[in-house]
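# Geometric and topological summary
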Amino acid sequence: TKFLVPDSVMMTMIAFACALLCVLCVSFASGQQLNCSTVPQEAYRQYVLKNDAGYELHVMPFGGTVTKFLVPDKDKVIRDIVLGFDDPTQYCVNAIHPYFGAIIGRYANRIANGSFTLDGKTYKTPLNDHNDTLHGGTIGFDRRVWDVVHISQNKITLSYLSPDGEMGFPGTLRVNVTYTLTSNSWVIDYAADTDSITVINLSQHTYWNLNGFKDNDQDILEHIMIIKASQYLEVDSTLIPTGKFGNVTVDYWLDFERPKPVGKDIKRGTVTPNGGYDNAFVLDSHKLLDPVVIVLAPLTGIQLELSTSQISVQFYSGNFLDGTLARKKDQVYGTAPQFYQQYSAMALEGQ
């Protein structure tokens, strides 16, 4: 996945998810909740990756979460362009759980009715999004403590061993995720192997606001976006795929093939009663490092480019942010409390 900031400075995420699939094992669903009092303080330690361009990527072992991403804008002012909490323990204890900055797994997005069939056997996963499983269940990879197996000035590798049956998924799964901050890129490498046939869909759930809330600008509606996709995945009223592809030319509110402000047609979206986007865009044929999504914030001049090895990008426009979560201190302007409102940020998930 690839991002570009001013002066042709690029941050690149290249998402590689690989799984070795073998024989089947029995699993069960678990609806358990995480007891945050048992999470060690070391899980919230902040590891800071830096480069010579002034970027800083702050990462913690809890959820493999990116808590800050500092980049210079067109005026060389450093902006924090991702959403999150000042207090790292809030990523666990806060009852509102928007997956800020986290690694998503075992299975990103939704599993209808918390059930799937693999090699003729049905598996049950926890229901945490109405009647469906979202982002791996009640305790997905976003709420696990990852081991730091490598750390240097510009690179961190996180590892997690998911046992057979965890959240109902079959097979013991070893996952390694590496974040690298190069001179002009943020690279994410995913790798996984298993001792049994299983399903896997890893992703990253950073929320982006390329203005960094400059001048108390509260949303991303003026961000200019291009998505190189002529089709999207149709979903039903619960956001479960129907198996059909839609055409963005016909359903024009989903057409980002040419530059368009995010807010231009957002109220015509159908994912909530009030509009908004939470759609999987089926990417047109492209080379691995070609950008498939481009987003520009005119206010700061920060531009993001995303490239991915995956076949789609899920674009979520922060529809369910509702003004109850306080902004981080470096995103507050003035002395009055300020909060993350609807459409404060976007998530772009290669899947």
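For the structure itself, look to the data block above.
Residues numbered from 1 in each chain as written. Predicted model: local features only at pLDDT ≥ 70, side-chain atom pairs only at ≥ 80, totals over all residues. Heavy atoms only, no water.

### What about empty space enclosed by the protein?
Quick note on the threshold: Note on definitions: the grid is 1 Å and covers protein atoms alone; a cavity is a set of points where a 1.4 Å probe fits but cannot get out; a pocket is an open set with protein on both sides within 12 Å along at least five of seven lines; lining residues have an atom within 4 Å of a point. Grid points are joined across faces, edges and corners, and a volume is the space filled by probe spheres set on the points.
Tallying each qualifying case throughout the model produces three cavities of 30 Å³ or more. Its boundaries defined by the atoms lining it, the largest cavity holds a volume of some 80 Å³. Around the largest cavity, the lining comprises 13 residues; the ones closest to its centre are Phe 85, Tyr 91, His 97, Tyr 99 and Phe 100.

### Brief notes about the packing of aromatic side chains
What counts is decided by this rule: In this analysis, rings of Phe, Tyr and Trp, with Trp reduced to its six-membered ring, are considered paired at centre separations within 6.5 Å, and the interplanar angle assigns stacked below 30 degrees, edge-to-face beyond 60, and tilted for intermediate values. Helix numbering and strand numbering both begin at the N terminus, where a helix is a DSSP run of H or I of at least 4 residues and a strand a DSSP run of E of at least 2. Here the term buried applies to any residue with accessible area under 20% of the maximum for its type, exposed to any over 50%, and partly exposed to those in between, with areas from a 1.4 Å probe on protein chains only. Lysine NZ or arginine CZ positioned within 6 Å of the ring centre and within 35 degrees of the ring normal marks a charge as sitting over the ring.
Enumeration over the complete set of coordinates arrives at 23 aromatic pairs. Ring plane angle 45 degrees and centroid distance 5.7 Å describe the contact between Trp 146 and Tyr 160, whose orientation is recorded as tilted. Of this pair, Trp 146 sits in the loop between β11 (133-134) and β12 (147-151) while Tyr 160 sits in strand β13 (residues 155-162), and the two are 14 residues apart along the sequence. Tyr 160 matches Trp 146 in its accessibility class, with the two residues each being buried. Here the aromatic rings of Tyr 179 and Trp 186 are separated by 5.6 Å at their centres, their planes lie at 75 degrees, and the arrangement is edge-to-face. Residue class for Tyr 179 comes out buried when judged on its relative accessible area of 0%. Here the aromatic residues Phe 85, Tyr 91, Phe 100, Tyr 207, Phe 213, Tyr 316, Phe 320 and Tyr 340 are joined through ring pairs into a cluster of three or more. Above the ring of Tyr 123, the side-chain terminus of Lys 121 is found at 6.0 Å from the ring centroid.

### Regarding the environment of Pro 241
This is how the line gets drawn: Should any heavy atoms of two residues lie within 4.5 Å, those residues are considered in contact.
Among the structural elements, Pro 241 can be located in strand β20 (residues 241-247). Along the backbone, Pro 241 and Asn 279 are 38 residues apart, and their C-alpha atoms lie at a distance of 9.8 Å. In this structure Pro 241 touches Leu 233, Glu 234 and Val 235, once residues within four positions along its chain are discounted.

### Some words on the pairing of strand β24 (residues 302-306)
Inclusion rule: In short, DSSP must find at least two bridges between two strands for them to pair.
For β24, the buried fraction is high: five of the five residues fall into the buried class. Here β24 shows no split at all, with Ile 302, Leu 304 and Leu 306 on one side and Gln 303 and Glu 305 on the other all buried. Sheet topology places strand β23 (residues 293-297) next to β24; five bridges connect them, and they run antiparallel. Of the residues in β24, the one forming a bridge with Leu 296 is Gln 303. What sits between the antiparallel neighbours β23 and β24 is a turn of four residues, in which Gly 301 has the positive phi angle 75 degrees.

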